[in-house]
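Structural description and commentary
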Amino acid sequence: MSSRTVRVLDTTLRDGEQTPGVALNPKEKLQIAEAIDALGVDVMEAGFPITSKGEQEAVRMIAGAGLRAEVCALARAEKEDMDRVIACNTKSIHVFLASSDIHLQNKLHITRQEMVRKTKEAIRYARDAGLTVEFSPEDATRTDPEFFRQVVEAVCEAGAARLDIPDTVGTATPEKMAMMVRLAKSAGDITVSVHCHNDYGLAVANSVAGVLAGADQAHVTVNGIGERAGNTSLEEFIVTCHKLYGMRTNVNLQMLYETSRLVSRITGVVIQPNKAIVGENAFGHESGIHTHGILQNPATYEPFEPSTVGRIRWMQAGKHAGRHGITAQLRGMGLNPKEEHLRLIVDRVKEMGDQGVTVTDGDLYRIASTVMGGKADESNMVRLEDLEVVTGLKRTPSAFVRLVVDGRITDASEAGAGPVDSALNAIQRILGETKQIWLKEYRLEALTGGSDAVADVSVKVEDSSGTTASGRGMKRDIVVASVEAIITGVNALLVKRQAEAAQLKSA
Ligand code: MN
């Protein structure tokens, strides 16, 4: 275990933005930059100014935003590229030029000697402009080690502040990465970075191996977004360094989850549910054995407290669920069923699960209150009073929704991409204002074939404290099914809130 501090260079706004299909406007880039700065990264690679006018403008905006992090921008080892970076007023520049024979012969059509000459020239040019230089011999891990050593010596001689080792196509192993770092460190006295890609799913392991072998800094992206299979995931790398290796970074772990969600929302890159640290299921439990263990001591089936990374543990009823987990979930909704009722509730939950149906919070609440004879206080629940949608080829789809919230009738009309979107927007408008509840997830499935198929809509809603609840609607009318799903989810969330408040009062 070492307690040294590892530097973090975040490249979400450069390599991350190179994710196929992702393009951010300057305003979005600035918003992400502020969030990443608040996390506490040491360096932020804000973009690649030569690529477009908007990109250059974004980098200049970020460089001038008064962030704590050192703002950096990317350039090829070309004057033209470097001039664009210089015009952005960043503190540092990340210059790259490939060093592997594959790239030299097939892409650049230059010799190794020319590569070394261009490298030195570029570093001197950027340094003379007053920039801190980080240099990447692109495709370093596929570069002949003897030539790599020569490149590192040239980089040091030309006066770069940092040398980065890019595993450009993600083919390094942890052993290889460690070897490259040791080679670089032995060739010159320079700060060493590692930049890993996830083509074999080894990006985090390779970055950690690099750091353990003596690298001072790692390049990462939020949610691991990036070219092809992506880059080293910021959250996985940081938590691994802190929790498994006892190293430190300047990153605030508690902000990892909200930053991950912000980046996912703005880039449109969804996070796989089983992704480590930030995936929806990373702290979710269904199996009876696991929930039973968790309820006695969370350490039985959790690697660390979810709150460490700003998250909340959740449990899911379903065919694998057991009595203990379901009891805990019901208690969270303010329901304390008698033994005989609990048995019936568990049976029905498992029946639903066996039919391949996900049991939402709304379903569990409905099952329990039916079995228990509707004993819960439902006065604060939201009720749908009326719904009308209009749609067509030559008009903007819109919806009118009337809800009863806290005993009062509230209306809203909203437009949207289609009738479902419009109806959900209208509901969203009412509940966002009155209850601070927002739609987090929407899923639609057709249960049967044909145009009269039953639409099975399941949703997840969330409030400002991060508490979530799931709901479902099943109807032949897809709009009504969607509206029903969100309202059952909201009501499940409201009973959870009510139970929390009651618990606080009695405590
Ligand atoms: Mn890269």
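These figures come from a predicted structure and were not determined experimentally. (Residues numbered from 1 in each chain as written. Predicted model: local features only at pLDDT ≥ 70, side-chain atom pairs only at ≥ 80, totals over all residues. Heavy atoms only, no water.)

**Some words on the pattern of salt bridges**
Evaluation of the coordinates by the stated rule reveals 37 salt bridges. Close ionic contact of Glu134 with Arg162 constitutes a salt bridge, the shortest N to O distance being 2.4 Å. Taken as a pair, Glu134 in strand S5 (residues 132-138) and Arg162 in strand S6 (residues 162-167) lie far apart in primary sequence, 28 residues in all. Taken as a pair, Glu134 and Arg162 share a single burial class, namely buried. Each of Asp363, Arg366, Asp456 and Arg472 takes part in salt bridges that share partners, so that together they form one network. (Salt bridge = Lys/Arg side-chain N within 4 Å of Asp/Glu carboxyl O. Helix = DSSP H or I, 4+ residues; strand = E, 2+ residues; numbered from the N terminus. Buried < 20%, exposed > 50% of the residue type's maximum accessible area, 1.4 Å probe, protein only.)

**Comments concerning the nonpolar core**
Most often, soluble globular proteins have nonpolar side chains that are buried together. One finds Ile62, Ile93, Phe148, Ile165 and Phe237 to be the most contacted residues of the largest nonpolar core, which totals 90 residues. Grouped together as the second largest cluster of nonpolar side chains are 30 residues, Val420, Ala423, Val461 and Ile486 included. (Core = buried A, V, L, I, M, F, W, Y, C linked by side-chain atoms within 4.5 Å.)

**Considering the domain arrangement of the chain**
Taken domain by domain, the chain consists of domain 1 (7-267), domain 2 (284-378) and domain 3 (380-506). Computed over C-alpha atoms, the centres of domain 2 and domain 3 are 23 Å apart. Contact with domain 2, which involves 16 residues of that partner, is made by 17 residues of domain 3. Taken together, both faces of the contact between domain 2 and domain 3 bury some 1,200 Å²; the carbon and sulfur share is 53%. Residues Lys496 and Asp361 are paired through a salt bridge, measuring 3.5 Å at the closest nitrogen-oxygen approach. Examining the composition of the side of domain 2 that touches domain 3, we find that four residues originate from one element, helix H14 (residues 361-371), more than from any other. Here the side of domain 2 that touches domain 3 is built from residues that sort into six nonpolar, five polar and five charged. (Domains from an automatic or database assignment. Contact = heavy atoms within 4.5 Å. Buried area = accessible area lost by both parts, 1.4 Å probe. Nonpolar A, V, L, I, M, F, W, Y, C, P; charged D, E, K, R; others polar.)

**Considering the side chain of Asp37**
Position of Asp37 among the secondary structure elements: in helix H1 (residues 26-39). Notably, Asp37 is buried but unbridged: the nearest opposite-charge side chain belongs to Arg68, and the N-O separation is 4.4 Å. Of the polar contacts made by the side chain of Asp37, one reaches the backbone nitrogen of Arg68; its length is 3.0 Å. Every residue in contact with Asp37, bar those within four places of it in the chain, is listed here: Met44, Leu67, Arg68 and Ala69. (Lys, Arg positive; Asp, Glu negative; His and termini not counted. Polar contact = N/O pair within 3.5 Å; in protein donor to acceptor, adjacent residues only side chain to side chain.)

**Brief notes about helix H5 (residues 112-128)**
An ideal rise of 1.5 Å per residue puts 24 Å on 17 residues; H5 measures up with 24 Å between its terminal C-alpha atoms. Listed in full, the buried residues belonging to H5 are Met115, Val116, Thr119, Ala122, Ile123 and Ala126. Taken end-on, H5 shows its buried residues confined to a sector of 135°, consistent with a single buried face. Residues Gln113 and Asp128 are exposed on H5 and point more than 90 degrees away from its buried face. Summarising the contacts, the buried residues of H5 are in contact with helix H3 (79-86), strand S4 (92-98), helix H4 (101-108), S5 and helix H6 (145-158). (Expected span 1.5 Å × (residues − 1). Arc of directions from axis to C-beta.)

**Some remarks on the coordination of the manganese ion**
Here the manganese ion is held by the protein donor atoms Asp15 (OD), His195 (NE2) and His197 (NE2), which lie 2.0 to 2.3 Å from it. Within one chain, the residues donating to the manganese ion are spaced in sequence as D-x179-H-x1-H. Here Asp15, found in the loop between strand S1 (7-10) and H1, pairs with His195, found in strand S7 (residues 191-196); they are 180 residues apart in sequence, far enough to count as distant. What makes His195 buried here is its relative accessible area of 4%. (Donors = N, O, S within 2.8 Å, 3.2 Å for Na, K, Ca; no water.)

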